[in-house]
Amino acid sequence: MTKQLITIVHGIFMGVADSIPGVSGATIALMLGIYGKFVNSWSYFFSNLFNFKNLFNSDEFKFLLFLYIGVAIGLLSSLGFIDYLMTHFPNAIFSFFAGLIIGGIIFLFTDLLKKKKEIKSNSSPLINVFSLIIGFSIAFYISGAQFLIMDHSLPIIFFSGVCAMSAMVMPGMSGAFVLLMMNQYSYIVNAVNEFRFSVILVFILGAVVGLAFMSKLLKWLLDKYYIYTMMCLIGLMIGGLRAPILNVNNWFIFVIYVIIGIVSSLLIEWFGRKATTN
């Protein structure tokens, strides 16, 4: 299997996850072992945005190109199917995705435990716990927050784009859910359907600023404070479980599909790590 095809498959997994409200494609990237490359590639993209020759010939640009071909395939092919499942089988589908996230958390914790010596020598247990709590608190609050009553002025639209795209590159957080929380989701969707170019352009500008800022910040954090950043990202995933769990009201189905989700998650992670090392 070629690297390009593997990257497209990774993107398909991310696209399917992005079609679920409250679930993040970045969580899948973290589970697949490509999150660091994902963040680094976006950081490189914005650092070389006006250096076209270097950018278009770079591995980072090719990685993003094939990844987002996969994201588009996964998103467009699953939207109708996922919507049907969420309408007719909400307990099963949200429980399954909770299981996927739990499997990812288990995998990342065990992955960090393999680096005991590095953790002991390069990090403080107190700051590790603090980082975990910070990540958990942010995702837990956002995934269960009440919708804000905000207007639809262009500055608010720009800020919404910044926040939504920032959330999309962070595990445990959903850009679509952030837009819902900010009372902008329906407005943005309608603006796209009605071709209101001023609204669309301002939102895209905000999204670009959010992506550029967050990718740079995350790259710096992963390079300088890898353990603390990973603990915070795991906390985001744990806190983000609130979103799918809030949609479950049958706990027998929950247990069954969480187990199926955990097993599926471990299989996805095994595929991702195996493909990355080959």
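Our subject is the structure listed above.
K.L.:
Tell me what's going on with the environment of methionine 181, and back it up with residues and numbers.
P.N.:
Turning to its location among the elements, methionine 181 is positioned in helix H10 (residues 175-181). Classification of methionine 181 by relative accessible area gives buried; the value is 10%. Residues methionine 181 and serine 160, spaced 21 residues apart in sequence, show a C-alpha to C-alpha distance of 10.0 Å.

K.L.:
Please set out the pattern of salt bridges residue by residue, giving values where relevant.
P.N.:
All chains considered together, the criterion is met by two salt bridges. When the shortest N-O distance is used, the salt bridge between arginine 196 and glutamate 194 registers 3.0 Å. Between lysine 219 and aspartate 223 there is a salt bridge, with its nearest N and O atoms 2.8 Å apart. One end of the pair, lysine 219, and the other, aspartate 223, are both in helix H12 (residues 197-224), four residues apart, so they sit about a helical turn from each other.

K.L.:
Can you tell me about the packing of helix H2 (residues 25-32) against helix H13 (residues 226-240), naming the residues and giving the values?
P.N.:
Where H2 contacts H13, the axes come no closer than 11 Å and their chain directions differ by 130 degrees. On the basis of their axis angle, the class for H2 and H13 is oblique. Crossing hand, H2 versus H13: left-handed. Along its contact with H2, which presents Thr27, Leu30 and Met31, the element H13 presents Met230, Leu233 and Met237. Of the residues assigned to the contact of H2 with H13, the class counts are five nonpolar, one polar and no charged.

K.L.:
Please provide a residue-by-residue account of the packing of aromatic side chains, values included.
P.N.:
For the structure shown, the criterion picks out twelve aromatic pairs. With a centroid separation of 5.0 Å and 70 degrees between ring planes, the pair formed by phenylalanine 56 and phenylalanine 61 is classed as edge-to-face. For phenylalanine 56, a relative accessible area of 43% puts it in the partly exposed group. Feature note: the residues Trp42, Phe45, Phe46 and Tyr68 constitute an aromatic cluster, connected by ring pairs. Geometry around tyrosine 187 places arginine 196 over its ring, the cationic atom sitting 4.9 Å from the centre. The residue whose ring lies beneath arginine 242 is phenylalanine 140, and the NZ or CZ to ring-centre distance is 4.1 Å.

K.L.:
How would you sum up the side chain of threonine 229? Please name residues and give values.
P.N.:
Mapping threonine 229 onto the fold places it in helix H13. Given the relative accessible area of 7%, threonine 229 is considered buried. With sequence-adjacent residues up to four places away left out, threonine 229 is seen in contact with Leu221 and Leu222.

Calculation rules
Residues numbered from 1 in each chain as written. Predicted model: local features only at pLDDT ≥ 70, side-chain atom pairs only at ≥ 80, totals over all residues. Heavy atoms only, no water. Helix = DSSP H or I, 4+ residues; strand = E, 2+ residues; numbered from the N terminus. Buried < 20%, exposed > 50% of the residue type's maximum accessible area, 1.4 Å probe, protein only. Salt bridge = Lys/Arg side-chain N within 4 Å of Asp/Glu carboxyl O. Axes fitted to C-alpha atoms, helices over the stretch in contact; angles between N-to-C directions. Parallel < 35°, antiparallel > 145°, perpendicular 65-115°, else oblique. Left-handed = near helix turned anticlockwise from the far one by under 90°. Contact = heavy atoms within 4.5 Å. Nonpolar A, V, L, I, M, F, W, Y, C, P; charged D, E, K, R; others polar. Phe/Tyr/Trp six-rings, centres within 6.5 Å; stacked < 30°, edge-to-face > 60°. Lys NZ or Arg CZ within 6 Å of the ring centre and 35° of its normal.

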